[in-house]
Amino acid sequence: MTLNPPDLITILAAGSVGLIAIGTIGLAVSRHLLRLVLALGLAEAGANLLLVLAGYRWDAVAPILTGAAPAGAMVDPIPQALVLTSIVIGVGVQALAVALMIRIKAAYGTLDIRELKVLLERDICAEAGIVPPSSIHRPNYQPPPGTALPARVASTGESA
Amino acid sequence: MHKLASLLFALGLAFLLMGLAAQLPLGATPMGIGADILQRTPSEIGSANIVTAVVLAYRGIDTLGELTILFAAATTAGMVLSPAGGAAVRKAREDAGLVLRAGSDLLFPLLLMVGFYIVLHGHLTPGGGFQGGVVLAAAFFVSFLARAEKQPSHSCLSLIEAVAGAAFIGIGLAALLGGGAFLQPLLETGSVGALISAGSLPLLYLAVGLKVGAELASLLAHLAE
Amino acid sequence: MNSLVLPVVLPLLAAFLVQPVRHVSSGLARWFGPAVLVLCAGLLTNIAMTSDANPVTANIGGFAPPLGIVFYADSLALLFALVVPLFALLLWPRASDDRVSALILLLVGSGTGLAISGDLFNLFVFYELLSIACIGLVASSHTPRAYAATLRYLLISGFGSVLALVGITLVYTQTGSLNLAHLSELAPVHLANPLGLAAFACLLIGFGVKAELFPVNAWVAEVYATAPKRVSALLAGVVSNLAILLLLRLLLLVFDQPEARQILLVLGLIGLASGELAAWRARDLPRMLAFSSIGQLGLLFIAMSIPGEMGLIAALAVALHHLLLKPALFLLAERWSGSLADLAGAGRRAPLAAGLFTLFALSLVGVPPLPGFWAKLVLLLGLAAQDSALAQTAIAGVLLITVVEAHYLFRLVGLLFTKTEHSSVPHRGGDLALASLFGVLLLASMPLLPALADGLAWMAGQVADVGAYRALTLGGAQ
Amino acid sequence: MMAWMVLLLVALMLGAAVLVLVFDNLVAAIAAASVVSLLLSLVFVVLAAPDVALTEAAVGAGLSGAVLALGLRRLGLIDLIKGENNA
């Protein structure tokens, strides 16, 4: 059975919505920092696809004047200009996240978001000189062997 | 149990978003401003690629913001990766394999040419400063990967970056000082489709291409250290 | 030669040129950043003076508004645009190498742009630039905990930018335009349906990350605790108020619907409650101030939800009060960044700092002679004017939460002045001079309250006058 | 005919996107993310948006793939010389 134009657009809308949903799920569920960054990239790709789709006309051609009289109606150029900007924003944020991840792995030794939250909480409490709240869901959390915890955190841990 | 909960959350979210997207008049969205730009570009700006006209002329300050976002991201990544201000100790790198060395000798000039082609034809064919800048950054990065002794001089890259960024704003300010408005297209529009056309747009895209190329080359070099 | 664009563009140009200037002469590089900020502040005061109080517009690229991008600066936008360079000048981070001064200049350029731009996607671009500059400044403290807090902040603001992009797409598919003035014409027809409300919700949560709105403010405590205190002061004071101004402009011009205001009221109430209770439980000063800033901004959202000019006056009063108070408190936090228990008796050795803290606590809670009281009074009167059940619960909520706020603030004030023989607090030299400057400003504003009130009322009138906004921008003034 | 091709493209893209989250080997996850970008740039070509397609291909597939792979090498999660990797 042949698919007529409106189906093309619903397929693409489903694709963009699927990408946003998969990206959001990845952000909500995954534990590894790199997977979170990839999921953020997916969600941004989905939003970009939706924005380009917003300017699409079924029977229109690309907005490039090719010398000959403009063949038919042209696609709306404004969403394409906006998506150009937002793709490059996405990759800028991604490069920044990778740089931060390298530093975090060097300092905390872990890239698991839940362990990181626990270590961050202990670090802030240690810097402020207070006992980390016992409400952390794994009270006697021992960081994986071989992680070089900043010295002060380790020391207050024993003395508290 | 965890997987099931996330699956249900996924289906619910997809269903909600699909309901939202189904209501959108996609395919027949109102094109008030877009149609107006399609008519006015050939005469007013003279660039064959109308998206370039929107990116650089009608919405020029968006692109300046975009350029600055990439500058901010690259600066912060550089600051995070080498807090000592670029004097990071460079691990001894040995030469890459024969394939990459031979390949990079062949690829470097080609990539450079393609990169500059995309940047300089931004107002005629699809492409422009951002895409060409990425290709230029790839060209420098391939040669950096292949040869161990090839060290990226961060100071020279940041100089190109600063000069190109200042040139972009300078062209905009020239329009402002010349009595027009900021980032008003200067010079005559020439005939649509000719290489020298669309006034100051090619110059702006050249500045964008150089800046993006230098920034991303130094970012990749920082990451690869 | 319309110079409204210069305060946005010159900081960006200076940020690009900081590196080469360092090569030219290191002496000049130290004063290059602050000099540009002084120039921008001068330009803005010049514009404010010469425009004799009617709004100024500037078309970017010379194209008429619905087609191109327009900068529109009425008195409120000029006030906020002036505040950004001044506060950045006051709170210039001490250990500032080139890259930090470049990021501060980017923050000023994008902040000013956010205050005066009149185009929806242009606001999104400046908002993203502001967010990355803030991320860079927080990461500039080069400690592992700052990097971890910054990465979580980056992920949340990344998700916020996805939502904001979806919101912009929804608005564009409905109206086909991005210019705020044009949108305010099309909105009653095209955006009054549930889809318009969905667009507002996406934009609200997307742009609400910086305004510490309820669902997306998980980053606040960690970032303000790990960032350098001067950066936290700048973020908590100036940047959150810029995000509020952006949301206020969207609410007034494009989404002027009762449902939108109810969303704001509910989220503001939740933010207020969660922020103040978390501050009550916090056990170190920086995080206590971070949570109290969430609470204050929740109060600001409640004020924004009040329709009409009364709501605007309340929102401006609370916003300016927050703008003055939060940086000062964070400057004090630099001196006492340890745990609250250690601060027992700290007031004995630093009477001026403790006195200032007491003054700020009194004004935050809203004790009569201080401006904090008047801001809350106007807010409660605005809420009382509406007869909806939601507004009544909001009044009850605000009063109850003020009790909690008073408790944890005066608990600390009492702790400061307790008599203890020994004190283990290592004294770091905080910015006492700056904090006392804010204190003097606060005290000086007390006798001028009537004049300030009229000024706010006139400003609110000008902001609420959407017709004038539309006429001036679409009228195509140069 | 064209709609069938687009259906295939979108199905492959969503499949690759799911694989990004499902793969436990991180290098494969990055490869899947580049595949999503590449297929997305093909979809942009179908949507008569050549500029955006070129940007998505150059920036999405190329640059972000390179940045992530370099990041992984710096994180020590892949060892280029020996080729095996530990997630």
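Residues numbered from 1 in each chain as written. Chains lettered and ligands numbered in written order. Predicted model: local features only at pLDDT ≥ 70, side-chain atom pairs only at ≥ 80, totals over all residues. Heavy atoms only, no water.

1. Considering the packing of aromatic side chains
Stage number 1. For the structure on display, the rule yields 14 aromatic pairs over all chains.
Stage number 2. With a centroid separation of 5.0 Å and 90° between ring planes, the pair formed by F71(B) and F16(C) is classed as edge-to-face. Taken together, the residues F71(B) in helix α4 (residues 60–81) and F16(C) in helix α1 (residues 6–24) connect one chain to another.
Stage number 3. Overall, F71(B) belongs to the buried group, its relative accessible area being 7%. (Phe/Tyr/Trp six-rings, centres within 6.5 Å; stacked < 30°, edge-to-face > 60°. Helix = DSSP H or I, 4+ residues; strand = E, 2+ residues; numbered from the N terminus. Buried < 20%, exposed > 50% of the residue type's maximum accessible area, 1.4 Å probe, protein only.)

2. Here we look at empty space enclosed by the protein
Stage number 1. This model, assessed by the stated rule, comprises 15 cavities of 30 Å³ or more.
Stage number 2. What lines the largest cavity is a set of 22 residues, among which G41(A), L42(A), Q94(A), S37(D) and S64(D) lie closest to the centre.
Stage number 3. Of all the secondary structure elements, the ones that give two or more residues to the lining of the largest cavity are α2 (33–54) and α3 (77–108) of chain A together with α2 (26–46) and α3 (50–75) of chain D.
Stage number 4. Considering each element in turn, the lining of the largest cavity owes the most residues, 8 residues, to α2(A).
Stage number 5. Taken as a whole, the second largest cavity encloses approximately 80 Å³ of empty space.
Stage number 6. Every residue along the wall of the second largest cavity is listed here: Y72(C), D74(C), L76(C), L245(C), L248(C), R249(C), L252(C), L253(C), Q462(C), V463(C) and Y469(C).
Stage number 7. At the level of secondary structure, the elements contributing two or more residues to the lining of the second largest cavity comprise α10 (229–253) and α19 (449–464) of chain C.
Stage number 8. Among the elements that take part in the lining of the second largest cavity, α10(C) stands out by supplying 5 residues, more than any other.
Stage number 9. When the residues that make up the lining of the second largest cavity are grouped by side-chain class, the tally is 8 nonpolar, 1 polar and 2 charged. (1 Å grid on protein atoms, 1.4 Å probe; cavity = no way out; pocket = protein on both sides within 12 Å on 5 of 7 lines; lining within 4 Å. Points joined across faces, edges and corners; volume = space filled by probe spheres on them. Nonpolar A, V, L, I, M, F, W, Y, C, P; charged D, E, K, R; others polar.)

3. Some words on the interface of chain A and chain B
You'll often see interface size given as the accessible area lost when the parts meet.
Stage number 1. Contacts between chain A and chain B engage 40 residues on the former and 47 residues on the latter.
Stage number 2. A buried area of about 3600 Å², summed over both sides, lies between chain A and chain B, and 79% of it is on carbon and sulfur atoms.
Stage number 3. Counting across the chain A and chain B interface gives 0 salt bridges.
Stage number 4. Summed over the shared surface of chain A and chain B, the number is 4 residue pairs in polar contact (both at pLDDT 80 or more).
Stage number 5. The set of elements that each furnish at least two residues to the side of chain A that touches chain B consists of α1 (5–29), α2 and α3 of chain A. (Contact = heavy atoms within 4.5 Å. Buried area = accessible area lost by both parts, 1.4 Å probe. Salt bridge = Lys/Arg side-chain N within 4 Å of Asp/Glu carboxyl O. Polar contact = N/O pair within 3.5 Å; in protein donor to acceptor, adjacent residues only side chain to side chain.)

4. Brief notes about the side chain of E276(C)
Residues and elements named next belong to chain C.
Stage number 1. Assignment of secondary structure puts E276 in helix α11 (residues 258–281).
Stage number 2. The buried charged residue E276 lacks any salt bridge, with K376 as its nearest oppositely charged partner at 6.7 Å.
Stage number 3. Contacts of E276, omitting those with residues within four sequence positions, involve F291, S292, G295, Q296, I401, V404, E405 and Y408. (Lys, Arg positive; Asp, Glu negative; His and termini not counted.)

5. Concerning the layout of surface pockets
Stage number 1. Here the largest pocket defines a volume of roughly 980 Å³.
Stage number 2. Top element by residues in the lining of the largest pocket is α19(C). It accounts for 8 residues.

6. Digging into the interface of chain C and chain B
Stage number 1. Counting from both sides, the interface comprises 50 residues of chain C and, opposite them, 50 residues of chain B.
Stage number 2. For the pair chain C and chain B, the two sides together bury roughly 4300 Å², of which 77% comes from carbon and sulfur.
Stage number 3. A per-residue breakdown of the area chain C buries against chain B is headed by F16(C), L67(C) and R99(C), which together make up 20% of the total.
Stage number 4. Between chain C and chain B we count 1 salt bridge in total.
Stage number 5. Among the ionic pairs, R59(B) bridges to D119(C), the shortest N-O distance being 2.5 Å.
Stage number 6. Linking chain C to chain B there are 4 residue pairs in polar contact (both at pLDDT 80 or more).
Stage number 7. At the level of secondary structure, the elements contributing two or more residues to the side of chain C that touches chain B comprise α1, α4 (98–116), α5 (120–139), α6 (144–175) and α8 (194–208) of chain C.
Stage number 8. Among the residues making up the side of chain C that touches chain B, the classes are represented as 30 nonpolar, 17 polar and 3 charged.

7. Things to note about the confidence of the model for chain B
Stage number 1. Residue-level pLDDT values for chain B average 84, and 95% of them are 70 or greater.
Stage number 2. The secondary-structure element of chain B with the lowest mean pLDDT is helix α1 (residues 2–23) of chain B, recorded at 79, while α4(B) shows the highest, at 92. (pLDDT = per-residue confidence, 0-100.)

8. Notes on the pattern of salt bridges
Between side chains of opposite charge, a pair can form when the charged atoms approach closely.
Stage number 1. Taken as a whole and judged by the stated rule, the model has 14 salt bridges over all chains.
Stage number 2. For the salt bridge of K117(A) with E222(C), the shortest nitrogen-to-oxygen distance reads 3.5 Å. Of this pair, K117(A) sits in helix α4 (residues 113–128) while E222(C) sits in helix α9 (residues 220–226), which puts the two residues in different chains.
Stage number 3. Relative accessible area serves as the criterion here: at 38%, K117(A) is assigned to the partly exposed category.

9. Focus on a nonpolar patch on the surface
Stage number 1. Together, W58(A), M1(D), M2(D) and M5(D) give the surface a local cluster of nonpolar side chains, amounting to about 440 Å² of exposed area.
Stage number 2. Locating M1(D) in the fold gives a position in the segment before α1 (2–22).
Stage number 3. Residue classification places M1(D) among the exposed positions, given a relative accessible area of 73%. (Patch = residues over 30% accessible without salt bridge, like charges linked within 9 Å, V, L, I, M, F, W, Y side chains within 5 Å. Areas by Shrake-Rupley, 256 points an atom, 1.4 Å probe, with all protein chains shown as cover.)

10. Concerning the nonpolar core
One recurring pattern in soluble globular proteins: nonpolar side chains tend to sit buried together.
Stage number 1. By size, the foremost hydrophobic cluster in this structure holds 350 residues, and its most contacted members are F71(C), M288(C), W336(C), F357(C) and F360(C).
Stage number 2. When residues of this core are assigned to their parent elements, the largest contribution, 21 residues, is made by α3(A).
Stage number 3. L111(B), I118(B), V135(B) and A139(B) belong to the second largest nonpolar core, which has 5 residues in total. (Core = buried A, V, L, I, M, F, W, Y, C linked by side-chain atoms within 4.5 Å.)

11. Focus on the environment of A102(B)
Stage number 1. Along the chain, the position of A102(B) falls in helix α5 (residues 98–120).
Stage number 2. Distance from A102(B) to E161(B), taken between C-alpha atoms, is 29 Å for residues 59 residues apart in sequence.

12. Overview of helix α3 (residues 50–58) of chain B
Stage number 1. Taken across its 9 residues, α3(B) has 9 buried, putting it largely inside the fold.
Stage number 2. Along α3(B), the residues classified as buried are I50(B), V51(B), T52(B), A53(B), V54(B), V55(B), L56(B), A57(B) and Y58(B).
Stage number 3. Here the buried face of α3(B) lies against α3 of chain A, α2 (32–44), α4, α7 (154–177) and α8 (201–224) of chain B together with α3 of chain D.
Stage number 4. Sitting at the head of α3(B), N49(B) places a side-chain oxygen 3.1 Å from the backbone nitrogen of V51(B).

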